[in-house]
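Fold and contact review
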Amino acid sequence: MELDLAAAEMKAVLNRLRRAQGQIAGVIRMIEEGRDCEEVVTQLAAASRALDRAGFAIIASGLQQCLTDPGTDGAGGLKEDPEKMRARLEKLFLSLA
């Protein structure tokens, strides 16, 4: 399945990834500075949520494409077996769980 995000979706995903990148850099600095464990874990959890949201946005886009054009495999090819498509989507969701 090819990643084909609309401009607005792409911008939102990239913003989330950049936010996570900044948060991870902040976590690294905090650890190097010997900051409080609770602060570090809180910042790390925020970065994790930003990554999860970006992943879910990408998966949601893929689902939308599949539902909009169920006659192709998402890359302009032949129709994919529905059971195979379901298994692939389930695997994607579980990879973020």
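Residues numbered from 1 in each chain as written. Predicted model: local features only at pLDDT ≥ 70, side-chain atom pairs only at ≥ 80, totals over all residues. Heavy atoms only, no water.

Turning next to the overall build of the protein chain. Across its full length, the protein chain holds three helices and zero strands. Of the regular secondary structure in the protein chain, the N- to C-terminal order runs α-α-α. When each of the 97 residues of the protein chain is scored for burial, the buried share is 22%. Considering only contacts in the protein chain between residues 6 or more positions apart, those separated by 24 or more positions represent 67%. As presented, the protein chain carries roughly 6800 Å² of accessible surface, and 59% of it is formed by carbon and sulfur atoms. (Helix = DSSP H or I, 4+ residues; strand = E, 2+ residues; numbered from the N terminus. Buried < 20%, exposed > 50% of the residue type's maximum accessible area, 1.4 Å probe, protein only. Contact = heavy atoms within 4.5 Å. Areas by Shrake-Rupley, 256 points an atom, 1.4 Å probe, with all protein chains shown as cover.)

Moving on, we come to a nonpolar patch on the surface. A cluster of nonpolar residues, Met 10, Leu 14, Leu 17, Ile 24, Ile 28 and Leu 51, forms a patch on the protein surface that exposes about 450 Å² of accessible area. The element contributing the most residues to the nonpolar patch is helix H1 (residues 7-32), with five residues. Its place among the elements puts Leu 17 in helix H1. (Patch = residues over 30% accessible without salt bridge, like charges linked within 9 Å, V, L, I, M, F, W, Y side chains within 5 Å. Salt bridge = Lys/Arg side-chain N within 4 Å of Asp/Glu carboxyl O.)

The final tally for this structure, using the stated rule, is two salt bridges. Here Glu 39 and Arg 35 are joined by a salt bridge, their closest N and O atoms 2.8 Å apart. Since its relative accessible area comes to 36%, Glu 39 is described here as partly exposed. Residues joined by salt bridges that share partners form a network here, namely Glu 33, Arg 35 and Glu 39.

Its 26 residues give H1 an end-to-end C-alpha distance of 37 Å, which sits within 8% of 38 Å, the value for a rise of 1.5 Å per residue. Along H1, the residues that are buried comprise Val 13, Ala 20, Gln 23, Gly 26, Val 27 and Met 30. (Expected span 1.5 Å × (residues − 1).)

A few words now on the side chain of Gln 23. The residue Gln 23 is located in helix H1 in this model. Overall, the relative accessible area of 13% leaves Gln 23 in the buried class. Reaching out from Gln 23, the side chain makes a polar contact with the backbone nitrogen of Ala 47 at a distance of 3.4 Å. (Polar contact = N/O pair within 3.5 Å; in protein donor to acceptor, adjacent residues only side chain to side chain.)

By themselves, these are just geometric observations and shouldn't be taken as functional.
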